[in-house]
Structures are given as structure tokens and as C-alpha cells.
Amino acid sequence: MNKKTVSLFLASSIVLSTFSPVVAAEKLIDLNGAEVTQQVEALAEGNNCPSKDETILNFQNTVDSMFNSIGEKEGIYKAKYYPEHKIVEVFIIDKTKSAKELTGTGIVAGLYNFYKNHNLVKVKIGNQDERDLKLIAQNSQSEAEVMQNFKTIFGSDILTTVQTYGSKTGKLEDFINKEVQIKLTVDVPNCNDNFTLTYTIRGKESISSVMKDKIKSKDINVWKDATDINWKDGVEIIGQPGNQQGLINYLEEAKVEDASNRNTQNSGTQNGNLKLTFTDGTSLLLNDQNLNVSEHILPITDTKAPKDAIDVTFRLGEGVEAGDPTITGNKENPVEFSSYKIKPDVDVSKEKIQLINSTIFELIRLRALKGYENPTWKPLSANPNDFIVSENNNVFVASATEAVSSMPEVNVPIDGAKSINGTGVIGATISVTVPGIAKSIETKVDVSSKWEIKLPAGKVLKTGDKLVITQKEEDRKVSPAKEVVVKEKDKPTPKPNPNPNPTPDNKMDNYYNGFNYVFPYNLSMNNNNNSKTSSNNSLISYSFSINKDEYEITTNGVTNKSKMYTSPIIRNGRTLLPIRNVAEAIGAEIAWNEKTKTASFTKDGLTASIQIDSDEIIYSNGKKLKMDSKPIIKDNRILISLVNVANIFGLTNGNVEDSQNQDIEWNKDNNTVTIKLKK
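Everything numeric here is computed off the predicted structure, so don't read it as measured data. (Residues numbered from 1 in each chain as written. Predicted model: local features only at pLDDT ≥ 70, side-chain atom pairs only at ≥ 80, totals over all residues. Heavy atoms only, no water.)

## Here we look at the overall build of the protein
Convention followed: Helix numbers and strand numbers start at the N terminus; a helix is a DSSP run of H or I with at least 4 residues, a strand a run of E with at least 2. Three exposure classes are used, based on accessible area relative to the maximum for each residue type with a 1.4 Å probe and protein chains only: buried under 20%, partly exposed in between, and exposed over 50%. Here, two residues are considered to be in contact whenever any of their heavy atoms come within 4.5 Å of each other. Note on areas: Shrake-Rupley with a 1.4 Å probe; residue coverage comes only from the protein chains shown.
The number of helices and strands found in the protein is 12 helices and 43 strands. Counting the 679 residues in the protein, one finds 42% classified as buried. For the protein, the proportion of contacts with a sequence separation of at least 24, taken over those separated by at least 6, is 56%. As displayed, the protein has an accessible area near 37,100 Å², and 47% of this comes from carbon and sulfur atoms.

Below you can see the structure in the form of C-alpha cells.
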């Protein structure tokens, strides 16, 4: 008896002790000598049959890996696998595609791998016949043919099953809301045992497919520099018959983002695309969506204003007018001048309209009516300085105050005086009430801003008399009354002569209108900028502060304060003062020609004339000089450049930081200009 026969008997005795005779015979008949020996040795060792549970678990893990790798085919389907339920959900994105797309999911390649490496022996797809994989392999000539036969057979079974359940269109829509079961039978190696696992593939229409023809883009309107854009506002559900709640829910649960990298740094319309990602993992690109970016102030008719825009109204109240043609305000019922759509929290007193670089207040250009002054804007809210736009602060009203004449300047009379004089506004009416005179006495302020009232014959003022003086300017209410009490005469006190060899005194006492100090008109100017004032010279200085109507006059260290009719301002880098104050400060005589609207300054034999509508200074010798800034009218007063006029008469100018003594010095720290005159 040869070795193979002995091995066969030995193997048969071992196998028959374990399996039925028929099974043992069938297994051993197919084995050659080496295989019989290997089988006998393995059976003799007792470890050739693995645990069935372990085999099932290993196979499940392999199948799970295959189904997890199905993933998606862009624009056609997206798959999701639930291993605990052995269910694959295939979300159909484009239901018009051929059902053959399912054969490309990797399932067929996976079945071939299970057959080759994991003891898969039979497959049943849906209602199709069960397929014996070993038989298919035996009928194939090569491994490549085995793979091709698997692909053909199983692809056909999948398609046939899908179309059997569906409408037989050959499209993926046949598979929507249908399912296919795949039963896999696996041998347990060397144990004469097997098991069958069932997996379910379900077809579902993806949310992106459902929503594809049921939504459209719409414009999003935002403010410039917005950072919190809700891109979902750019999607709109197209009107459909019936209940749309399902579509609404899909959109509410979706993530919507900009796919075109747009921003809000510049105003205007930006066209782009939106990407919608739904809860099933599918996505949809929505084209041609507009992002409208708006400035913070818009016309009231702007249809692209963001939805939180506030309608803001600007009205004209008492004493103001604006516009061309003119719209006149009304105290009791303010008149609407203009309206805008404005972003909440914008300060309308500061926010500029981009195209014109002006605020709304600057654009309206208020004008005070005759008899009024200082037109201003105020909100209707409780806080008069609140210009921040809100739902409760969206109406702003302009008004002006009644113009009141300024109080006149009065030189305090002395006992025995027969006249009263002072300074005021050119052309204004001065009214003086004198004790013992029944009616007040009136006069006009002349072109040099001076006025004088002579008492009736035989009437003189006495110490303690109380005078009441008012001023009435054109188109202004009468000023508050100014009371002046007549002083007694000063009693001279003898003083020792400090100069034993007196020289002729070339000073001429002259009480300058409106001030109680001696003003020297025949000043001798010292133009040495770097020299100090000698101990033999006294000094008069004037200090004016920008936007303040009070100024200081200092004579020999004694300072007095006085009022101007309007405050100095700065234009084109130059300080502008009222004409009268310029003349006073530089020690010049001034004359006014009403007919030609010309002011003439005379000092040291030189006369310079300025016409208020011109930017030139004309010398008496015919020479002309162009000024940095034209004269302007403010509060019915003419303001001119201090430095331009002063330089004509030899005064120098600088600032306190240049370490030089100049006649005119500017202090930027307190916005003050000081004029020093030596005598």
C-alpha cells in the first residue's frame, strides 16, 4: 500500500470520527497527497477550525470598511453607512442620471475581494437568483475573467432589482424610496460551517435634489463695513401649492455660506454664489445672488437700504430758512425739509455723506431769518445734544434765537459833564435815560463806531446820577439796559518829579472810545525783533482768544478786560478780528466809507484801504498787496486779517516758541494772539 493510500485511510479515520462519512469523503476526494497530509496534521493538532463568532466579526469589519468607502460621486449621489443596522443610505443628488451609476459604487469590487480573501461563497441581490461564486469562478478562464463576470452578473442583478421596484425608467429616480437587500453567505474555514449576513441598501432623494428647483436667490442688503452677514437671507423658497413647512425646515437647518469671497469694505452691488449644505451631507450651489452694500446715509427712496434702516426727518422751526427755492421754518409746526434712511447709531452731526463729503447739517446750510441769529439743530428727544439715530430719536429740528443787540460801551461821565459818549455798532441807535429829563435822548453810532449825546442847555451831570443806556441794531431787539453812575471828579495828588531835567512830552492823551485808558496814537515802533523792551519804555498789549468775545488790554502791567461784538476766528491760517479791534490793536486811525464799503487805516502818515469784497490792500501811494484771506462778515461785523494789516505798518509777527520778541505773537497752546505796542 503506497503512502497516499495510507494517508487516505488515516485521514478518513480521523475525519469520520468528526464528520459524517459523506462529508468526509467529499472533502478528501478533492485533496492531493500534500493537501491530505496538511489536513491530517492540522486536524491532529485540533486548531484548524476558528471560532465562528470571531469569523463573523472579522467579516463584518471587512464589509463595514467597504460600505464606509462608498462615499459619494460628486453631483450624483452621496452614501452614508450605519454599521449597527447594516444599512447603507444612498442619497440621490441627480435623479436624472442612469441607474448604472450604482454599479460604480465599489460594491462589485468588494464582492470579488470577499470571495478571494474572506471565504464569501454565495451572493443574493434582491429578488434575483442566488449566485454561487465558486461555480462562476470554475466557468471562468482567468482571474480577470472572474472579475469581469462578477461585474456583469452583479451589476445586472442590481439594475434589475432597482428597476423591478421602480418605474423602470433606467434612471436613479427608480431607486428613490426603494431598498435592495444583499445576502452574503460565508464559509467558516475548515469547520464545515457557514453563516449568512444581510445588508440593506436604501435609496433616498437628497435634500439638495428636493430643494434644487424650489429655491431661488434674493438680494441681501447690508451696511458698509458690516461683519455679521446672514447669508441665509439670500435664499428664498419659490411659491409652491400646499404645505411648504418641510422645505422651510430644510432651509432653516441648512448651513449657507458665501462661495465668492465677498466683503463689505466698499459700497455697491456684488454678484456671487451661495453654497447650501444640508443635514444629509449633500450641498447645492445657488448662483447669481446679489450683495448690496450701502453707505450709512441713504436717500429716503433707496430700495436697497438694509431692513434696519431708520427713516430720519429734518425740519425747519423758528427763525430759519434753507434751500433753493427757499423753505421757511415755522415755530409752531416745523416744516419738513428733507428725509433720509440712516443706519442705527449713526451720529448725524458727524457722519459725512460720501459723495459730497459733508454732513446732512452742512448740506442743508441753514440761514437765520432777519431778527434771528445762531441757527442750530436739536433733536426732539429729551437730550438736546443727542444726535445718535435710533427708533426713538429720528426727528431733528433747526431753529434760531431772536437776535438781541449788544450792549453799548460807555465812557463813565464825571461830575459836571455836559455830554455822554462811548462806542457801539455802526448805524445802531443809542438811547440814554438821564435823571431829570422826561424823555430818553437818542443818537446814532457813527462810522468810526463812536457815539455822543449832548445834554440840553443848562443841564449838567452830577455825582451819583444813574444813567440807563441801550442799543438797538438793525433787525435786532433792543439790548439789555446798561447802567452807569456818574463819578465825582478826581482830586489830584501832587507827585515828585522823577526827572529833574524833563524833556518835551510828545504823548497826547486820548480816551479811546469804549475804554477807560489813555491810548497813544503817535507811537514810535521799534522793529528790532531780538531786542528787549528797555526800562524807559512802557508797553501796551492786547490779547485776543479765538472764538471768545472778551479780550484783555494791559497797560504798564495793569490788565483790563473788554467785550467785542463778535469773536475772532481763524481762516486760511490767519487770525481775523473785527475792523475796529484791528485798528485799536495796531494803533491806527480808522475811517469807514459806507458807499464803497471800504475801511481805511492811517498810521505814521501811511494809509491802507481794504474793500470788504476784495482780497487786496491798496496803499495811499497806489501800491497793492494781496491778502491771505478776504474779509468776511460775521454777526453783522466785518472781520479782517490782523497780520496782513499790521505788516503794512511795520509790525512783525511770530510765535511764542521762536525765542524772539515779535510785535504780534501766536500761542498755539491757548489759541491766543497778543499784540505789543511800545511807547
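## Some remarks on the packing of aromatic side chains
Rules: A pair of Phe, Tyr and Trp rings is counted when the ring centres sit within 6.5 Å of each other, with Trp represented by its six-membered ring. The angle between the planes then sorts it: under 30 degrees is stacked, over 60 is edge-to-face, the rest tilted.
Tallying each qualifying case throughout the model produces 15 aromatic pairs. Ring plane angle 40 degrees and centroid distance 5.3 Å describe the contact between F67 and Y81, whose orientation is recorded as tilted. Here the residue F67 occupies a position in helix α4 (residues 52-68), and Y81 occupies one in strand β2 (residues 77-82), the gap between them amounting to 14 residues. With 5.7 Å between their ring centres and 20 degrees between their planes, F314 and F396 make a pair best called stacked.

## Focus on α4
The condition is simple: What a helix is expected to span follows from its residue count: subtract one and scale by 1.5 Å. Definition of a polar contact: a pair of N or O atoms within 3.5 Å, with one able to donate and the other able to accept a hydrogen when the atoms are protein atoms, and with sequence-neighbouring residues admitted only if both atoms are side-chain atoms.
Counted at 1.5 Å a residue, the expected span for α4 with its 17 residues is 24 Å, and the 24 Å between its end C-alpha atoms agrees. Looking at the buried side of α4, the elements it contacts are β2, β3 (87-92), α5 (107-117), β4 (120-125), β6 (179-188) and β7 (193-205). Between a side-chain oxygen at the N-terminus of α4 and the backbone nitrogen of D53 the separation is 3.4 Å; the capping residue is S51.

## Notes on the nonpolar core
How we decide: Remark: nonpolar core denotes a set of buried residues (Ala, Val, Leu, Ile, Met, Phe, Trp, Tyr, Cys) joined through side-chain atoms within 4.5 Å.
Core analysis: the largest hydrophobic core is formed by 44 residues, its most contacted members being F59, F67, V90, L120, V123, F150 and L184. Looking at this core element by element, the count peaks at six residues for α5. Grouped together as the second largest cluster of nonpolar side chains are 34 residues, Y551, V582, M627 and V673 included.

## Remarks on the pattern of salt bridges
Worth spelling out the cut-off: What makes a salt bridge here is a side-chain nitrogen of Lys or Arg within 4 Å of a carboxyl oxygen of Asp or Glu, nothing more.
Applying the stated criterion across every chain, the model contains 25 salt bridges. For D157, the salt bridge identified is with R131, shortest N-O distance 3.0 Å. Separated by 26 residues along the polypeptide, D157 in helix α7 (residues 143-165) and R131 in strand β5 (residues 131-132) bring together distant segments of the chain. In this structure, K482 engages E409 in a salt bridge whose closest nitrogen and oxygen atoms are separated by 3.8 Å. Of this pair, K482 sits in strand β28 (residues 482-485) while E409 is found in strand β22 (residues 409-410), placing the two residues 73 residues apart along the sequence. Since its relative accessible area comes to 22%, K482 is described here as partly exposed. A relative accessible area of 14% places E409 in the buried class. Salt bridges sharing partners connect three or more residues here, namely E373, E473, R476 and R637.

## Brief notes about the sheet that holds strand β9 (residues 220-223)
Rules: Whether two strands pair comes down to DSSP finding at least two bridges between them. Orientation is described by lines fitted to C-alpha atoms, with helices fitted over the stretch in contact, and by angles between N-to-C directions that extend from 0 to 180 degrees.
Ordered by their spatial adjacency, four strands build an open sheet running β9-β13-β12-β11, and the pairing between neighbours is mixed. Where the open sheet ends on each side, the last strands, each with one partner, are β9 and β11 (255-258). Here the strands of the sheet are splayed against their neighbours by 35 degrees on average, with no regard to which way each runs. Where β9 lies against strand β13 (residues 283-294), four bridges are found, and the strand directions are parallel.

## Description of unusual backbone geometry
Note the cis peptide between D324 and P325, where omega equals 10 degrees. Along the chain, P325 turns up in the loop between β16 (320-322) and β17 (327-328). At N177, a residue that is not glycine, the phi angle is positive and equals roughly 65 degrees. When you line up the elements, N177 lands in the loop between α7 and β6. With a phi close to 70 degrees, S449 is a non-glycine residue in the positive phi region. On the secondary structure map, S449 appears in the loop between β25 (441-444) and β26 (450-454). Judged by its relative accessible area of 7%, S449 is buried.

## Let's talk about the packing of α4 against α5
What counts, and what does not: When describing relative orientation, an angle under 35 degrees is termed roughly parallel and one over 145 degrees roughly antiparallel, while 65 to 115 degrees is termed roughly perpendicular and anything else oblique. The hand of a helix crossing depends on one turn: near helix anticlockwise from the far one by less than a right angle means left-handed, and clockwise means right-handed. When residues are grouped by polarity, Ala, Val, Leu, Ile, Met, Phe, Trp, Tyr, Cys and Pro land in nonpolar, Asp, Glu, Lys and Arg in charged, and all others, Gly among them, in polar.
Put simply, α4 and α5 touch, their axes get as near as 10 Å, and they point 160 degrees apart. Relative to α5, the element α4 lies roughly antiparallel. Both α4 and α5 take part in a crossing whose hand is right-handed. Across the interface between the two elements, F59, T62, V63, M66 and F67 of α4 pack against I107, G110, N113 and F114 of α5. Partitioning the contact of α4 with α5 into residue classes produces six nonpolar, three polar and no charged.

## Focus: the environment of G170
Following the sequence through the fold, G170 ends up in the loop between α7 and β6. Taking the C-alpha atoms as reference points, G170 and S98, separated by 72 residues in sequence, lie 5.9 Å from one another. G170 has contacts with K97, S98, A99 and Q163, leaving out every residue within four places of it along the chain.

## A word on the side chain of Q289
When you line up the elements, Q289 lands in strand β13. Among residues more than four places away in sequence, those in contact with Q289 are S217, K218, D219, I220, W231, G234, R262, Q270, N271, G272 and L274.

## Observations regarding the confidence of the model for the protein
Here is the rule: Summary of the metric used: pLDDT quantifies the predictor's per-residue confidence within the range 0 to 100.
The share of residues in the protein with pLDDT of 70 or more is 85%, and the mean pLDDT across the chain is 83. Here residues 1-31 is a poorly scored stretch, pLDDT under 50, and it has 26 contacts once near neighbours within four places are set aside; other chains count. Segment residues 500-536 is flagged for pLDDT under 50; beyond a separation of four residues in sequence, or across chains, it makes 68 contacts in the model.

## Points about the sheet that holds strand β19 (residues 367-368)
Across the sheet, which stays open at both edges, the three strands sit in the order β17-β16-β19 with antiparallel pairing between neighbours. Only two strands of the sheet have a single neighbouring strand rather than two, namely β17 and β19. Of the pairings in the sheet, the one linking β16 to β19 comprises two bridges and is antiparallel in character. Counterpart to V320 in the pairing with β19 is A368.

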